[in-house]
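# Working through the structure, step by step
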Amino acid sequence: MPEPVVAVEDLRKEFPVPGAPGLVAVDDVSFELERGESLAVIGESGSGKTTLARMLVGLETPTAGRIEIDGEDRSRPGRRARERLERGRRIQLVFQNPYSSLDRRQPARACIAEMLDLHFGLSPDERDARVRELCEQVGLDERQAGALPRALSGGQRQRVAIARALAVRPQVLVLDEAVASLDVSIQAQILNLLADIRAQEDISYIVVSHDLAVVRQISDKGFVMEHGRVVERGSTVDLLDAPQHPYTQLLRRSVPGPGWTPQRRQRGVHA
Amino acid sequence: MHGAATAGHREDGVTGPAPTPPAALLSIRALRVDLRAEGELRRVIHDVTLDVAEGESVGLVGESGSGKSMTARAVARLLPEGAVTGGEIVFDGEPVLTLRGAALRRFRRGGIATIFQDPAAHINPVRTIGDHLTEGLRLVRGVDAREAERRAAAMLGEVGIAGGERRLRQHPHELSGGMLQRVMIASVLLDEPRLILADEPTTALDVTTQSEVMALLSELSRERRLAMLYITHDLELAAGVCDRTAVMYAGAVMEVQRSAALNDGPLNPYTAALLAARPRVDARSDRLEAIAGRPRSAFEAPEGCVFADRCPHVEDACVAERQELRPLAGGLVRCRRAEELRGRLGHA
Amino acid sequence: MLTRLAGLLLTLLVASVVIYGALYLAPGDPSTLLAGNKATPRTLESIREQWHLDDPFYERYWAWLSGAVRGDLGESFTYKQSVGSLISDRIGTTTLLIAYAFALVLVGGVLLGIVGALRPRAGAGITAVSSVGIAVPSYVAAIVLITVFAVELGWFPVFGDGTGFLDRLWHLTLPAIALALAWNAYVAQLTKAAVHEESLRDHVATARSRGVAEGAIVRRHIVRNALIPITTVLGITIAGLVAGTVVIEQSFNLNGIGSLLVQATSSKDFALVQGISLLLVTIFVVVNVGVDLLNAALDPRLRTERRP
Amino acid sequence: MSGALPIERVIPPGAARRRLRGRDPLLAGCVVVIAALVLMALLAPLIAPHDPDASDILAANEGSSLSHPLGTDSVGRDILSRIIHGARLSLLGPALVVVAATVGGVAVALVTAWRGGRVDTVASRVLDILFAFPGLIFAILAVAMFGTGLVAPVIALSIAYLPYIARVIRSAAIRERALPYVEACQVAGMSPLRICWRHLLPNLLPYVAVQAAVSFGYALVDLSALSYLGLGVQPPSAEWGRMVADGQAAILNGNPEASLYAGMAIVVTVLAFNLLADRLVRRTAQ
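In this report, the structure presented in the accompanying data block is examined. (Residues numbered from 1 in each chain as written. Chains lettered and ligands numbered in written order. Predicted model: local features only at pLDDT ≥ 70, side-chain atom pairs only at ≥ 80, totals over all residues. Heavy atoms only, no water.)

Moving on, we get to the packing of aromatic side chains. Scanning all chains against the criterion turns up 12 aromatic pairs over all chains. With 6.3 Å between their ring centres and 40° between their planes, Tyr61 of chain C and Trp64 of chain C make a pair best called tilted. Separated by 3 residues within a single helix, Tyr61 of chain C and Trp64 of chain C lie in helix H4 (residues 57–70), roughly one turn from each other. On the accessibility criterion, Tyr61 of chain C (11% relative accessible area) is buried. Between the NZ or CZ atom of Arg233 of chain A and the centre of the ring of Phe223 of chain A, over which it lies, the distance is 5.5 Å. Across from the ring centre of Trp114 of chain D, 4.0 Å away, lies the NZ or CZ of Arg177 of chain D, which sits over that ring. (Phe/Tyr/Trp six-rings, centres within 6.5 Å; stacked < 30°, edge-to-face > 60°. Helix = DSSP H or I, 4+ residues; strand = E, 2+ residues; numbered from the N terminus. Buried < 20%, exposed > 50% of the residue type's maximum accessible area, 1.4 Å probe, protein only. Lys NZ or Arg CZ within 6 Å of the ring centre and 35° of its normal.)

Here it is as structure tokens:
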């Protein structure tokens, strides 16, 4: 049995509320991610899925529990530069909003190059070659690679963000609603790109999403979160085709599709 | 109220006949909108033609930049300053685009009420929920304060908000997004419109809340026999709640159809491409059929068919000339090859 | 509310330490100033004793502060009179001047700003005029006003504060205009910006789409919401007018506490400088807190900070 | 700029007003005026027609003439030469204040915005207390302490302006800090110092420039006010505020020129800096 690339154990996050008990955003969540696998974290706003993702990449300090990435303990954000860089080389994040996740003063190429300079001691030639390679991989042409973010469309910006994340050859890519704000036609392009990348590279995904159709498209297994807790887990197919927990069922029913009509939530089903 | 005024609708010959009965409550004909940006006029809508009949709900679907929201703003007469319009919008027999002053106010209080995407921004944050709900009744209809409050509290109950009296005294920031959208719906219903203009009313909400709010909206508008123009980027959502659905691209209506028929028999290649590009919740496809390129706005669309540069079925003739919206199979379509492609589009 | 009051007291306390401590640390020996350069060591000695100059800092500070709380701010070196009575003799003129100028700002600045925002044509002119107005310091405005209205036209007195209320108002008209000019322009610009910004808000479009009359929209949604930033600006204005009297009283030879502060500073009359500074700082702090409270009353979003 | 636009240009939501760049005659005018003022100060001895301190009682209060384009003051000094020379002290003081207050204010803003929490609370408290002292009063207190001249007021105003700059930049920095690209830098493993220096600060520079320009105008008004009150630059040095005061007595005799021209120099300078700030705001408005 190979060792999982990410192992999370009883992870918990409380945010302090003045004069009241802390707000529990993530409540004893455990999971494992095998190499090459894609895991979905499903939930609506306030479910704790984004907090979970932020703890994984070191943007948030867990209140309790353990995060192990590639065999190393990464329960807290790195204090020293070396720790931060090491974590950064293993796990990367693609944000939801392609309009603000890039520095507006930095052309795409410079953004990717900065990432390479930070992590690897490449010669200028080697670095430029790698930047070209990455741009090609995510489908950015010469003009787009030299352009500032404001001259790029949402889909193109998200390609830049993906290239930046891939630059360090991470083992894990966390996709935090990475296609949620894109137009349908662009969303399909990015979803296909993500599928291609997984086929080419030795990489695992953690797909944080509220969109069950997206989850279906790019994940193998997953779990559903509600109010910080995992309410159901299993293979993606089982979760979507035969949901067991009432909340998963409600989520599934709420997705519009052919023949769908909106429903008022039945009283009592949802605690 | 306005009784038989709807009968006076005339065909202006700009486009082909609509598939709905002529007694449309709202009739948009060859609408064109240019916005002033950096000192130049920029086209955002180049041809929207659409009817909404009394009591009917029509979806208007499009990606960003398609002009769907601008269409809504044109109908509600909320276009930004300096906008130049062409074509015609007729509501209840009266041309809307030329209304001014008192006539414009009469049109607004009598006929169309708008539900916006972001209720937190569209409700005055420093006034109470009660102020917002009763404003239309008190200031526009002259209902006295106590009666207005009573009706407002009752309406809150109808949209599923308990404790109406107490809620009236709360401020918007004390309510969640889903709650605020219900307040918005309540305020719109209190104004007793004949047509509801819903501009992405659930986009900012969670899916489960979306489902509830949409159920509420269609139930209540059906009960009251209100017409609805429902604007969204979500084709399946529109199809789920509307009788007919219109699909927009680059400032033009590409197709109008009965919602039930849309999924299996799209008439326009763009609609078909949109349907195919969306990942499905009930089945995984090996590879999504993405549409190359990115959505265009009206001012950057190709010379000929606006979808020509992304269409998989494009021919030389498509690039040469702009297409008109014409009737086909009980719907309307804007595509040279529509007859030829019919049956070949959609789920293969 | 309680935290705000505590914050006010803390700010005042620190400010009083700064005011008192600053002059304590000043180079030079105050006793020489008091007695003059030719004083004998013995005279100096007795002066040091009389003024407690040899006591440790905190004791002297405490004595000064506890006196200040009782209204006793010590005695002026130069006037040989209590600081309290010096201030109370002159505060009337200063208060009237500030009130006069503030009234001008309220009527001129706020109204012009609102009109400018709602009437684009007037707006451009108001912006241009107020841009220049902001750049005119009060003492430059003063000499222009004196030149034109006092010397050339002879409509107003040149200097002095007059006797009797109407005569004082008459005397204070040019000073008040000079003092208010730049603030008028500033308030007009910021009010215009605030009202304009509010008029573009989505909730205004909501009200418009419901057929609410334009007048009601302006009152209930635009101006009502713009009052929040306007209040903040008016608070800054009061503070600015208070500081501005120091200059303008000098320009017009008015006998207020501003000119008193300048004289005291020139002659290194420490007790007087400390007393007036403390008074001015207190006014600033109180105005700031007042603005905070007013804003909380106007903006329900600020009120929910209440503890559960 | 027509014709140069790439067809692929995308207008992101909310950025519709961004394209104001290109020609802005008002902005260009401000830059020209400010450059001229700076040159005037630097080259004063070369371009001034007379010795600014040379008085000639026999030629007192003369109107404008070929030899004295702006006339002479009450002791017969050439007004134009004094204004040209006065630019040196009048501009030096505000420049020092702006540099000191901006560097300090931006540093405080970045640290508080980055650290947040307790550091921010404590710093905000301290700034609140500093707000209790308006610049002019603080400067007067400094003069009472250290005596008249330029040094004490410049230091005092630098301290008094710091919180204003810090407050504005801090709120901009907090907004900027909340953008995901900053977190992307963190996830990449960058050190906070590098993120602040390489990403945060460059993006804040437009705001800093606006604040610096506005502060320059205020500092000029405050410093020349001190000189006007007799607490700043001492006679016979030429300084505009001082010149307004020196000329005031002559107004009553019907000779307001000395005061008015000096006052005009102040107004033009402040106006140029204010308009510069205003245009910069428009350019960076998003």
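Next, the rest of the story.
All names here are of chain B. A positive phi is found at Glu192, a non-glycine position, where the angle reads about 50°. Topologically, Glu192 is positioned in the loop between helix H7 (177–190) and strand S7 (195–199). Exposure remark for Glu192: the relative accessible area of 49% places this residue in the partly exposed category. Backbone geometry places Glu200, a non-glycine residue, at a positive phi of 45°.

Looking at the element boundaries, Glu63 of chain B is found in the loop between strand S3 (57–62) and helix H1 (68–75). Despite being buried, Glu63 of chain B has no salt bridge partner; Arg310 of chain B is the closest side chain of opposite charge, sitting 4.1 Å away. At a separation of 3.4 Å, a polar atom in the side chain of Glu63 of chain B contacts the main-chain amide nitrogen of Val184 of chain A. Leaving out residues up to four positions away in the same chain, Glu63 of chain B has contacts with Asp183, Val184 and Ser185 of chain A together with Lys68, Met248, Tyr270, Leu274, Pro295 and Arg310 of chain B. (Lys, Arg positive; Asp, Glu negative; His and termini not counted. Salt bridge = Lys/Arg side-chain N within 4 Å of Asp/Glu carboxyl O. Polar contact = N/O pair within 3.5 Å; in protein donor to acceptor, adjacent residues only side chain to side chain. Contact = heavy atoms within 4.5 Å.)

Residue and element names in this part refer to chain A. The strand order across the open sheet built from 6 strands is S6-S7-S8-S3-S9-S10, with neighbouring strands paired in mixed fashion. Since the sheet does not close on itself, it has two edges, and those belong to strand S6 (91–94) and strand S10 (229–235), each with one partner. Pairwise comparison of adjacent strand axes, ignoring direction, gives a mean angle of 15° for this sheet. In terms of strand pairing, S6 meets strand S7 (residues 172–176) through 4 bridges, oriented parallel. Paired with Gln92 across the strands is Leu173, a residue of S7. Taken strand by strand, helix H6 (residues 154–166) contacts S6 and S7, and its axis lies near 175° from that of S6. Contacts from helix H10 (residues 246–254) reach strand S3 (38–42), strand S9 (221–226) and S10 within the one sheet, and its direction differs from that of S9 by about 100°. (Pairing = 2+ DSSP bridges. Axes fitted to C-alpha atoms, helices over the stretch in contact; angles between N-to-C directions.)

With the rule as written, the count across this model stands at 58 salt bridges over all chains. With a closest N to O distance of 3.6 Å, Arg74 of chain A and Glu86 of chain A form a salt bridge. In this pair, Arg74 of chain A is assigned in the loop between strand S5 (72–73) and helix H2 (81–90) and Glu86 of chain A in helix H2, connecting sequence segments 12 residues apart. Given a relative accessible area of 6%, Arg74 of chain A falls into the buried group. As a salt-bridge pair, Asp120 of chain D and Arg170 of chain D come within 2.8 Å of each other at their nearest N and O atoms. With a gap of 50 residues between them, Asp120 of chain D in helix H4 (residues 117–131) and Arg170 of chain D in helix H6 (residues 151–177) connect regions that are remote in the sequence. Connected via shared salt-bridge partners are Arg12, Glu14, Asp27 and Arg229 of chain A.

Honestly, it's all geometry; don't read function into it.
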